[in-house]
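In case you want the letters, here they are:
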Amino acid sequence: MFSSHRHDDLKEMLDSNKDSLKLEAMKRIVAMIARGKNASDLFPAVVKNVACKNIEVKKLVYVYLVRYAEEQQDLALLSISTFQRGLKDPNQLIRASALRVLSSIRVTIIVPIMMLAIKEAASDMSPYVRKTAAHAIPKLYSLDPEQKDQLIEVIEKLLADKTTLVAGSVVMAFEEVCPERIDLIHKNYRKLCNLLIDVEEWGQVVIINMLTRYARTQFLNPNINESLLEEGGSGDKTFYGSDEDEDEDEEEKEKKAEVAAMAKRKPYVMDPDHRLLLRNTKPLLQSRNAAVVMAVAQLYFHLAPKAEVGVIAKALVRLLRSHSEVQYVVLQNVATMSIKRRGMFEPYLKSFYIRSTDPTQIKVLKLEVLTNLANETNISTILREFQTYIKSMDKDFVAATIQAIGRCATNISEVRDTCLNGLVQLLSNRDELVVAESVVVIKKLLQMQPEKHSDIIKHMAKLTDNIQVPMARASILWLIGEYCEHVPKIAPDVLRKMAKSFTNEEDIVKLQIINLAAKLYLTNSKQTKLLTQYVLNLAKYDQNYDIRDRARFIRQLIVPTEKSGALSKYAKKLFLALKPAPVLESPFKDRDHFQLGSLSHLLNAKAGGYQELPDWPEAAPDPSVRNVEVKESVPEWTKCSSREKRKEKKVEKPFYTDSEGESGPTESADSESDSATGSESSSGSEESGSGSESEESKEASESEEEEEEEEEEEKKKKKKDLKKPVQESESEQSSEEEERKHQRKSKPRKSESESESDEDEESESESSQSESEDSESEAEVKKKKKPAESKPPPKPVKKESKKEKKEMSLLDLDDFEPAPSPQVTPVNTFLSNSLVTDLEGLSLSDSVLSPATIAPSSTLKSYELLHRITGEGLSVEYCFSRQPFSPDANMVAVQMQFTNNASSDTKNLHIEDVKLQSGMRVKEFPEIELLPAGETATAVMGIDFCDSTQAANFQLCTHTRKFFVSIQPPVGELMRPVFLTENEFKKEQGQLMGMNEITEKLTLDVKCRNEHTIVQRVTTAANLSRVPCGSDKECRFAGRTVTSGSLVLVTVATKEEGAAQLTVNCEKMVIGTMLVKDILQALTQ
Amino acid sequence: MNHSQGFLKDIQISCLVVGWLLSNTASIILSFRVWGGQSMTDSAPSWFFYSAEMIHSLFLINHLGDIFLEKHWKSVISRSVCDYFFEAREKAVDPENVPPVLQTPHHYLISIYRGKLFFLSVIQTEVPPLFVIEFLHRVADTFQDYFGECSESVISDNLVIVYELLEEMLDNGFPLATESNVLKEMIRPPNILRSVVNTLTGGSNVGETLPQGQLSNIPWRRAGVKYANNEAYFDVTEEIDAIVDKSGTTVSAEIQGVIEACVKLSGMPDLTMSFMNPRLLDDVSFHPCVRFRRWESERVLSFIPPDGNFTLMTYHISSQNLVAIPVYVKQSINFFEAGSCGRLDITIGPKQTMGKTVEDLKVTIHMPKAVLNANLTATQGNYTYDCTTKMLVWDIGKLNPQKLPNLRGSLSMQTGVPNPEENPSLNIDLKIQQLAISGLKVSRLDMYGEKYKPFKGVKYVTKAGKFQVRT
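Everything quoted here is computed from the prediction, not taken from an experiment.

## Topic: the overall build of chain A
Consideration 1: The number of helices and strands found in chain A is 46 helices and 15 strands.
Consideration 2: Within chain A, the proportion of its 1085 residues that are buried is 60%.
Consideration 3: Here the contacts in chain A between residues at least 6 apart in sequence split such that 69% fall between residues at least 24 apart.

If you want it as structure tokens, here you go:
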């Protein structure tokens, strides 16, 4: 009761007419929010003031709204119209602020409004509004990832913006929405490089990080020659991302060697664009912003030739004067860099000296850097420094220093003895921690150089007289025992002394005395037998049961008796086994496989959303993609000097210039030639090609493919990204048109592309290359034309299903699957999905249902909805056409075929009285007005099954009768295929482990032992698409459920003798379970 | 540490077992790495799981561990996420030893410690840590700029302004307006007069007109600045960071220089500052207003200044160069086992002062725990010894070259406790007016673009930065 009234005063103030009262109330409310108190019950009172004239009241209302809109969605909607009005305001700042608040309200219902607002703002006159639009993109994206494609269009548009104000924000949006679409950067690359210095600081950081990744995919490793040398010399890993499997590593090494050999032949020349990036980022090392400096530093570290990386050292050292948090991060990065490039920081050695006032975490990091920088020439100064540090009051730091000394000693053999001596002295330190740490380090050092043991061990043996710290005594005893054979005379004497003082020793020392005794007994029983027995007897009656236990145990083990078991034979082996020398390595070793300066690097663990830094390509992708054309009016394909460029255009153009599929002809010409030019475009051909054509061209280019395989993988990836837009525009084309155009276009293309390559200002080698490619493609195009011309219009479906098989086998060879994109415009045929893409170009019409295209298909199962007899002459069959249902993407398309077997006409066929489970929806088919006797008609209806297999019940009505019918979907029809790459598949699968994974073992049906049958049967059972896969033992499929879009991943791993394992990963466990059943049945029947 | 204990407890059998285990763990580690490597590629792409933003939430926490302000730029994150931070805070003992970056199961916490406050930001996805740290410091700088200090009481008093500032500085977790000039146009800093007027008239701190700065090409300067007296002052401040060892030799010495500006000029002045000896400056960082290319080619600072106070440039003269050390210290600090007492004797004298007077001389010594009290006499200045913090502070003042200041006497020690091994180091503070110890000199300052004649002034001062004498 109280709570509902507690803000009454505030409500009253908000309702008053005075702005001052409102302001006071809002201030108090915002203060509540700031303190983390709940003010949500004031929502109705506050939201009323959204249109208040007073700017400050308005501002505070915005603050409130953004905070609580999510919780009170219905009420929040009341305010939307205010913002919509604001979006149209003549003042740019009001427009921007309206968009800012609107996009910050996290209410899903307004997604379409937000989308519209962003699109509009992206082409606003004011760069400030465009900047706000860029900021709004990630907001909308996180609210509704489904909008990705549309948002990418906006990003693409904004990327082309030439103002510095927008650049940083749009790249940030790019990084958060579609960092994988590196192809969007090509055309903007040079512009971004040139604008960089004038962009605001935060944008600079984002752009530099993005360009680092970009450069890694587009340019060659500038250190390729050196890295080869190093690899031969020290076996050091010089490639950054080297954490693959070992065997892969070797393969890679071979590859690298080849590449390096090639590089030897051709001296490395830096791409001018690569140089541009390095040149334009360098001044930013002078930025006042530590994040910018770090960003440039990591860029240089990852991209610059070795000789040039040095420039960053000075800037990084300068940052060490900054706040301790900045120091902390910088030192971590310096530590990683100093392992790989020690020389870079050596001149700044003294800047890493430690002050007693530094926080411990900074001290330890500086120590790390100093240790990494130590070499023969500076080790004496460093050790002198270390000596001061050892005396520090900060004991954690002292311990770290001792470790550091140990590492210096292992790395630099010249000082090993000095270090050892120094450490031995530390054994007499009063601080246990120091002693313990020293002992650990000494022990490690001794194990490294067994032959030099005796002196030090002797020295340490002498120390037993003086050192009282139990830990140290125990360690010394362990060492003497371990290396008793090196000090044969001293060891028994030490044991003698220890036996004498045994009763007065601490427990850990006692244990080590027993230990020493046992070892000596085994190596030198003559001298020590009695002593050992004496010690064991003393221990037998010790107060501590651990010691008693140990004594009993050891006696049994080493003293041969009749009862002693088999173990005693191996006593010597057990006790005096060679212990491996511990390795003293920097914790920062190999950390540079993370992009420096990143959170992941700092934590040495991959953080969410981390974009891996790609390896250098082995051959540089075509640099001309970054050329920016001035004359946009010239048909783009005539200007292409190479396929890369053409490919690039495909993405850019459809969004930019053509609105209504106007560029269709050029598109298809482009992709045609692509498929002809070779393997790398196999994916392109797939989408564009009309069935058999692409097959042929692929066969022809197979030999080429093998040669270029390596190169291709990269490009393919890119290709895949490019696909969607291409498809969109192409699917609109009908086959006939396409064929005609393709015939028309292929001719002029030949000549023009040749002449073009002469005109082009690219280097000679490039143009000649493209020329040869073009001539190649000419031949190919000629070959292709014939089948294209002679090709009959849509084949009977039976043949097509056969073709599907063939298609599959080709796919296997090429490791590629056509993308069954959900955006394909509905082609209402009974074709399985993979075929649809092939035949897209062939179908005669894409809009109206024509009965002619519907033929009974063997691939799609028909179900009976209404039997001829119960239907009194009307029979209805339905099948799941597996086409996207265009009016509503969340619905499953159900294709119905009505046959009138009666002698009279049936009229007014329609649906009535739909009964559904909650959440389910039905989109009825348009009424069929007349179905003459003996005729057949088809209609498509959409049902949103809500990802369940619940039946949809309804009445099918004619002008005379009503029939109760129901449609129940098999689980496999509740999904639509999605295209994933193998990597994506693995990624997604990794996310769907545990409860979301169902695995079943099965024995494959005898007829179903080859891959194609498996693929066929699985795709028949469920509407999934094949995922390309490297291994022939596995078939993978992917799809998403139609309603919720949950991923469905299916893996069939075959083993010998028809044994197989089926794995289904799906967030929706019920769907997963049912799908497993269905697929199992399909594969085993 | 654990390791050492571990091995000492081992007997040989377990050594062997350990050896076996080791070889096994090696393979385990290996396979783990392989797995780890895969999991890297296996994990969800950023666009699938993670909501996209840089800074998700900010919590301000005082030295007692109370959260007194929270701001979320996206959905609300429960303040219980700070528990991970409190845990780390407790472990670290000293507030400055709290790791700036912490990992929790679902978030990353990046924090800075400024003015006894923690600024704790919550991050969900990969973001350069320095980006966040730098931003948080910028937030603290802005508070400082607005309220004169950055403390809990001031922030609590101005909660609404703080909130508005945060709202403007970050949009959806990405920095929006961080330039003080721009912010001040949108949100007016409080001053006493205005707050009185505001309470009377119901006026506000929000600017009536909307800012123009974001829209011009020079985002750091607002348009239409007008002053009756046009003036531009520059303070060249140099700090000496040095480590001097027992024998008086310099272990390392660097100079950190900064040129702070206070520019109150009407219109759009375009300034050029040139130096007598610009070669000294080989490691510099600039305010974004400085035209870098001009500096590269001509070694002059050319810029259109922001309005008001700003840092024009900072520079660093590294230990590779010879750095003058203005004072020398003769010291002896001894602890005696027998009488459980110690002796201290410190004398300070001028070394390389370029003929200037050393002022504000102060010596701070952090004594070992065992030192209970100090019984000293100073020939000049006063000394204090704080028994709880163990800080001995000797405030000398002006250094008189004729009569060197000396501090000597005995230290009483705790009995029965072994002598401290380390002698405490001395931290020295000093100030020299009218001198940049590096020798840097501004030769001229020119103004273009406006017609009036401004007052110009350059001031030099040298201070001790982290100046430490080891004993």
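## Side note on the overall build of chain B
Consideration 1: In terms of regular secondary structure, chain B is built from 10 helices and 23 strands.
Consideration 2: By the burial criterion, 54% of the 471 residues in chain B qualify as buried.
Consideration 3: With the model as given, the accessible surface of chain B reaches about 20,600 Å², and the carbon-plus-sulfur share is 53%.

## Structural notes on the nonpolar core
Consideration 1: Residues A:Phe352, B:Phe119 and B:Phe143 are the most contacted members of the largest nonpolar core, which totals 272 residues.
Consideration 2: Considering each element in turn, this core owes the most residues, 12 residues, to helix H17 (residues 290-303) of chain A.
Consideration 3: The residues contacting A:Phe352, other than those within four sequence positions of it, are A:Val317, A:Leu320, A:Leu331, A:Val334, A:Phe345, A:Lys366, A:Val369, A:Leu370 and A:Leu373.

## Regarding helix H2 (residues 8-15) of chain A
Given 3.6 residues to a turn, an α-helix orients residues that are three or four positions apart in the same direction.
Residue and element names in this part refer to chain A.
Consideration 1: Regarding H2, the residues found buried are Leu10, Met13 and Leu14. The arc enclosing the buried residues of H2, seen along the axis, measures out at 100°, which places them on a common side.
Consideration 2: On its buried face, H2 is in contact with helix H3 (19-34) and helix H4 (43-47).

## Details of the interface of chain A and chain B
Consideration 1: Chain A puts 130 residues into the contact, and the matching count from chain B is 126 residues.
Consideration 2: For the pair chain A and chain B, the summed buried area comes to about 11,800 Å², and 59% of that belongs to carbon and sulfur atoms.
Consideration 3: Interface area lost by chain A to chain B is led by A:Trp202, A:Arg321 and A:Arg355, which between them contribute 8%.
Consideration 4: Linking chain A with chain B are 11 salt bridges.
Consideration 5: Here chain A and chain B share 39 residue pairs in polar contact (both at pLDDT 80 or more) between them.
Consideration 6: The class makeup of the residues in the side of chain A that touches chain B is 56 nonpolar, 34 polar and 40 charged.

## Examining the side chain of A:Asp394
Residue and element names in this part refer to chain A.
Consideration 1: You can see Asp394 is positioned in the loop between helix H23 (379-390) and helix H24 (395-411).
Consideration 2: The exposure class of Asp394 is buried, given its relative accessible area of 17%.
Consideration 3: If we ignore the near neighbours within four places in the chain, the residues touching Asp394 are Thr360 and Lys363.

## Notes on the packing of aromatic side chains
All names here are of chain A.
Consideration 1: Using the criterion set out here, one finds 25 aromatic pairs over all chains in the structure.
Consideration 2: Ring plane angle 25° and centroid distance 5.0 Å describe the contact between Tyr189 and Tyr214, whose orientation is recorded as stacked. Linking Tyr189 in helix H12 (residues 189-195) with Tyr214 in helix H13 (residues 201-218), this pair joins segments that are 25 residues apart in sequence.
Consideration 3: Tyr189 sits in the buried class, given a relative accessible area of 0%.
Consideration 4: With relative accessibility at 0%, the residue Tyr214 sits in the buried group.

## What about unusual backbone geometry?
Residues and elements named next belong to chain A.
Consideration 1: Of note, the phi angle at Asp590 is positive, near 65°, even though the residue is not glycine.
Consideration 2: In this fold, Asp590 is placed in the loop between helix H33 (571-575) and helix H34 (599-603).
Consideration 3: Overall, the relative accessible area of 32% leaves Asp590 in the partly exposed class.
Consideration 4: Here Asp947, not a glycine, exhibits a phi torsion of approximately 55°, which is positive.
Consideration 5: Mapped onto the secondary structure, Asp947 falls in the loop between strand S7 (936-944) and strand S8 (952-957).

## What about the pattern of salt bridges?
Consideration 1: This model, assessed by the stated rule, comprises 52 salt bridges over all chains.
Consideration 2: Measuring nitrogen to oxygen at the nearest pair gives 3.5 Å for the salt bridge that ties A:Arg100 to B:Glu168. Linking A:Arg100 in helix H7 (residues 92-104) with B:Glu168 in helix H7 (residues 159-169), this pair reaches from one chain into another. Here the two residues A:Arg100 and B:Glu168 agree in accessibility, since each one is buried.
Consideration 3: Residues B:Arg408 and B:Asp345 are paired through a salt bridge, measuring 4.0 Å at the closest nitrogen-oxygen approach. Of this pair, B:Arg408 sits in strand S20 (residues 406-413) while B:Asp345 sits in strand S15 (residues 341-350), and the two are 63 residues apart along the sequence.
Consideration 4: Using a relative accessible area of 23% as the deciding quantity, one classes B:Asp345 as partly exposed.
Consideration 5: Through salt bridges with shared partners, a single network forms among A:Lys59, A:Arg100, A:Lys139, B:Glu168 and B:Asp171.

## Describing the environment of B:Thr389
Consideration 1: Examined against the element boundaries, B:Thr389 turns out to sit in the loop between strand S18 (382-386) and strand S19 (391-397).
Consideration 2: Spatially, the C-alpha atom of B:Thr389 lies 8.8 Å from that of B:Lys369, the residues being 20 residues apart in sequence.

## Let's talk about the sheet that holds strand S4 (residues 108-114) of chain B
Each strand in a sheet pairs with another by means of backbone hydrogen bonds, the pair being arranged parallel or else antiparallel.
Residue and element names in this part refer to chain B.
Consideration 1: Strands sit in the order S2-S1-S5-S4-S3 across an open sheet of 5 strands; the sheet is antiparallel. Edge positions in the sheet fall to strand S2 (67-72) and strand S3 (101-103), since each of these pairs with one other strand and no more. Neighbour-to-neighbour, the strand axes of the sheet open up by a mean angle of 20°, direction not taken into account.
Consideration 2: As paired elements, strand S1 (residues 57-61) and S2 share 5 bridges and run antiparallel to each other. Looking at S2, one finds that Ser57 is bridged to His72.

## A few points about helix H25 (residues 416-426) of chain A
Consideration 1: Considered for burial, the residues of H25(A) that qualify are A:Arg416, A:Cys419, A:Leu420, A:Leu423, A:Val424 and A:Leu426. In a view along the axis of H25(A), the buried residues occupy a sector of 150°, so they form one face of it.

## Considering the sheet that holds S15(B)
All names here are of chain B.
Consideration 1: One open sheet accounts for 4 strands, arranged S14-S15-S20-S17; its pairing is antiparallel. Since the sheet does not close on itself, it has two edges, and those belong to strand S14 (327-336) and strand S17 (371-378), each with one partner. Ignoring strand direction, the axes of neighbouring strands in this sheet form an average angle of 15°.
Consideration 2: Across 10 bridges, the pairing between S14 and S15 is antiparallel. Of the residues in S15, the one forming a bridge with Ser332 is Asp345.

## Details of the pairing of S19(B)
Residue and element names in this part refer to chain B.
Consideration 1: With 6 bridges connecting them, strand S16 (residues 359-366) and S19 associate as antiparallel partners. Its bridge partner lying in S19, Lys362 is registered against Asp395.
Consideration 2: Two strands pair when backbone bridges link them, and S18 and S19 are joined in this way by 5 bridges, in the antiparallel orientation. Along S19, the bridge assignment pairs Asp386 with Met391.

## Digging into the confidence of the model for chain A
Consideration 1: Looking at chain A as a whole, the pLDDT averages 74, with 73% of positions reaching at least 70.
Consideration 2: Throughout residues 631-739 of chain A the model reports pLDDT below 50, and contacts reaching past four residues in sequence, or to other chains, amount to 222 contacts.

## A look at the packing of helix H30 (residues 507-523) of chain A against helix H32 (residues 545-558) of chain A
The relative placement of two packed helices is expressed as an angle between their axes plus a distance between the axes.
Residues and elements named next belong to chain A.
Consideration 1: H32 packs onto H30 with a crossing angle of 5° between their chain directions and a minimal axis gap of 10 Å. Classed by the angle they form, the pair H30 and H32 counts as roughly parallel. Two secondary-structure elements touch here, H30 through Asp507, Lys510, Leu511, Ile514, Ala518, Tyr521 and Leu522 and H32 through Asp546, Ile547, Arg550, Ala551, Ile554 and Ile558.

What counts as what
Residues numbered from 1 in each chain as written. Chains lettered and ligands numbered in written order. Predicted model: local features only at pLDDT ≥ 70, side-chain atom pairs only at ≥ 80, totals over all residues. Heavy atoms only, no water. Helix = DSSP H or I, 4+ residues; strand = E, 2+ residues; numbered from the N terminus. Buried < 20%, exposed > 50% of the residue type's maximum accessible area, 1.4 Å probe, protein only. Contact = heavy atoms within 4.5 Å. Areas by Shrake-Rupley, 256 points an atom, 1.4 Å probe, with all protein chains shown as cover. Core = buried A, V, L, I, M, F, W, Y, C linked by side-chain atoms within 4.5 Å. Arc of directions from axis to C-beta. Buried area = accessible area lost by both parts, 1.4 Å probe. Salt bridge = Lys/Arg side-chain N within 4 Å of Asp/Glu carboxyl O. Polar contact = N/O pair within 3.5 Å; in protein donor to acceptor, adjacent residues only side chain to side chain. Nonpolar A, V, L, I, M, F, W, Y, C, P; charged D, E, K, R; others polar. Phe/Tyr/Trp six-rings, centres within 6.5 Å; stacked < 30°, edge-to-face > 60°. Pairing = 2+ DSSP bridges. Axes fitted to C-alpha atoms, helices over the stretch in contact; angles between N-to-C directions. pLDDT = per-residue confidence, 0-100. Parallel < 35°, antiparallel > 145°, perpendicular 65-115°, else oblique.

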